[in-house]
Amino acid sequence: MPWRLIGTSNDSELNVALLSPKVVTIGRDEGCTHVLVQKQVSRRHVEIHWAPGIGHQEGHWRIRDCGSTAGTFVNGMKLTAHQEVRLNHRDVFEIRPWKFQVVGPSSDNTIGLVPQTLAAESEIEGEYEALSDAQSTANLAQGLLVKLVEASQTLHKATDEESVGVAAVESLSVATGFANLAFLKGADWRSPEVVAHRGAILGSQGELEISRSLLKRSMNGIYILKGGVSSGTLGASLESLDIRQAICVPVDAGTMFYGWLYLDNRTGSATESPAKEVAGFAKAVASMLGLALSNIQRSQMQQRVDLENKLKFDGLMRALIEAIDAKDPYTRGHSDRVSKFAMLLAQAAKLSDEEIKQAEVGGLLHDIGKIGIPEKILCKPTHLDPEEFAQIQQHPRIGHKILKDNIPQVRDLLPGMFEHHERWDGSGYPDNLKGEQISQLGRILCIADCFDAMTSARFYRPARSISEARAEIKRCLGTQFDPKLGEIFLSIPESELLPLIGTAPQPVAQ
């Protein structure tokens, strides 16, 4: 069965199928693929498109807000204008007053808003009672209040959707005496998903054995099926399952509807429970469950947005590095190797995880400024003259300006990247900083950069061996290199350095 979205607005439903690579637009404009007539909807509100997989990443559908006035909400989080995110299974997005829910996996890259076709149940003619929130709270007995506090503590400890659902169902089971209980998730009462359950909720083949009519009736409030109903007036499921007592409570938070807490007793179950008291307890648990699910969804959405931002950042950085490599093919891979050497040094120095990550990223970006240096200088097959070397010395400033003005995520790395050619004795560039005036990251990158430069060939000289490069670093401790960090680098086993050494190009004979 393909993915599908269920779109609802009051009593209306909208059917939309997404077929890769077709782009679907939703809005008030007649030119949109699907038109919503409500005034809150912008003329072109959202765009949904298929993003093909890259490498090991699977393809997926993405939703983008098109600069709408009222906004687009995904799992309760409002997208900024023109922001886009991935659509995952179970996501809910809102184009208010419309709400769409993703309800299933796809094997053929399709999403549809066509509700699943199920046999309609008979309308239930038994005695029902709709219970208000105020009534449900008033009916909580003292014993149930104690159980509610315990339930609150249990729900608070749960960290994901399944564990929260299990905690809610277990709390209901302990407190209410009902035999069959479930947390059912979804927006479609005809095909809910069982997140957690106890008792006779699922049949021998895994089929759902409850009254869906109860779910339908309780979309907007608590419903209680009273005991003692004549069997001749029951709906099909109630009659076949011999349900004698049932309570169904919607689980929601704000505008987000998550599903239902469902409880029933059937013939042969324990004695009937006080319905109004149980309903009040179930409503309180449902409120806590809705809040917990809202917090989990919000956290998951933030993680998803953070991951997407990281992927965009990584892609941008990789593009910049490849641009440098394209300008100077004989130093291709230099930034990757400096990054790895810097990480090794930071780890050997027992720095924090954050500082190790800074060493890794700083190594990747340290030469970004070379993008502003003419290729005839970068690729010159002989030693540089003083004027050319003066231009090369500008690359830390150029890189600093590029990143400072355009990529705020690397603000903490800027000092180290700016200072990777400074020397411990103050004879480096661009600012002749000395000793600990140079940031720790700058001193780490200086060692990593010089080690890779020495162990890589240039047009005008062959690569040095690891032992020769180590000897040079030792000779320059206290002049070019931080003596403490230099000693730590020299303590790294050669076996860890050797796999990172680049393949050296053949220098041109002079």
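Quick note: structure is the one above.
Residues numbered from 1 in each chain as written. Predicted model: local features only at pLDDT ≥ 70, side-chain atom pairs only at ≥ 80, totals over all residues. Heavy atoms only, no water.

A. Region of the structure containing the pattern of salt bridges. Per the stated rule, a full pass over the model turns up 22 salt bridges. Salt bridges linked by common partners bring Arg44, Glu47 and Arg64 together as one network. (Salt bridge = Lys/Arg side-chain N within 4 Å of Asp/Glu carboxyl O.)

B. Summary view of the layout of surface pockets. In this model, the second largest pocket occupies a volume close to 750 Å³. Every residue lining the second largest pocket is counted, 26 residues in all, and those nearest its centre are Thr8, Asn10, Ala187, Met219 and Asn220. Listing elements by their share of the lining of the second largest pocket, those giving two or more residues are β1 (3–9), β2 (12–14), β12 (98–102) and β19 (256–266). When residues of the lining of the second largest pocket are assigned to their parent elements, the largest contribution, four residues, is made by β12. Of the residues in the lining of the second largest pocket, the class split is nine nonpolar, eight polar and nine charged. (1 Å grid on protein atoms, 1.4 Å probe; cavity = no way out; pocket = protein on both sides within 12 Å on 5 of 7 lines; lining within 4 Å. Points joined across faces, edges and corners; volume = space filled by probe spheres on them. Helix = DSSP H or I, 4+ residues; strand = E, 2+ residues; numbered from the N terminus. Nonpolar A, V, L, I, M, F, W, Y, C, P; charged D, E, K, R; others polar.)

C. Representation of the nonpolar core in the model. Ranked by internal contacts, the top residues of the largest apolar core, which has 47 residues, are Leu365, Val410, Phe451, Ile473, Phe481, Phe489 and Leu497. Residue assignment for this core shows that the elements contributing at least two residues are α6 (275–327), α7 (334–348), α8 (353–365), α12 (414–418), α13 (440–454), α14 (466–475) and α15 (483–490). Apart from the residues within four sequence positions on either side, Phe481 is in contact with Trp424, Cys446, Ile447, Cys450, Ile473 and Cys476. Listed in part, the 34 residues of the second largest apolar core include Leu172, Ala253, Val285 and Ala286. (Core = buried A, V, L, I, M, F, W, Y, C linked by side-chain atoms within 4.5 Å. Buried < 20%, exposed > 50% of the residue type's maximum accessible area, 1.4 Å probe, protein only. Contact = heavy atoms within 4.5 Å.)

D. Up close: the pairing of strand β11 (residues 92–95). Along β11, one buried face is formed by Val92 and Glu94 and the opposite face, lined by Phe93 and Ile95, is buried too. Pairing geometry for strand β8 (residues 73–74) and β11, over two bridges, is antiparallel. By the bridge assignment for β11, Phe73 is matched with Glu94. Pairing of β11 with β12, which is carried by four bridges, proceeds in the antiparallel orientation. Residue Ile95 lies in a different strand from β12, and its bridge partner there is Trp98. Between β11 and β12, which pair antiparallel one after the other, the connecting turn spans two residues. (Pairing = 2+ DSSP bridges.)

None of the figures reported here should be taken as evidence of function without further support.
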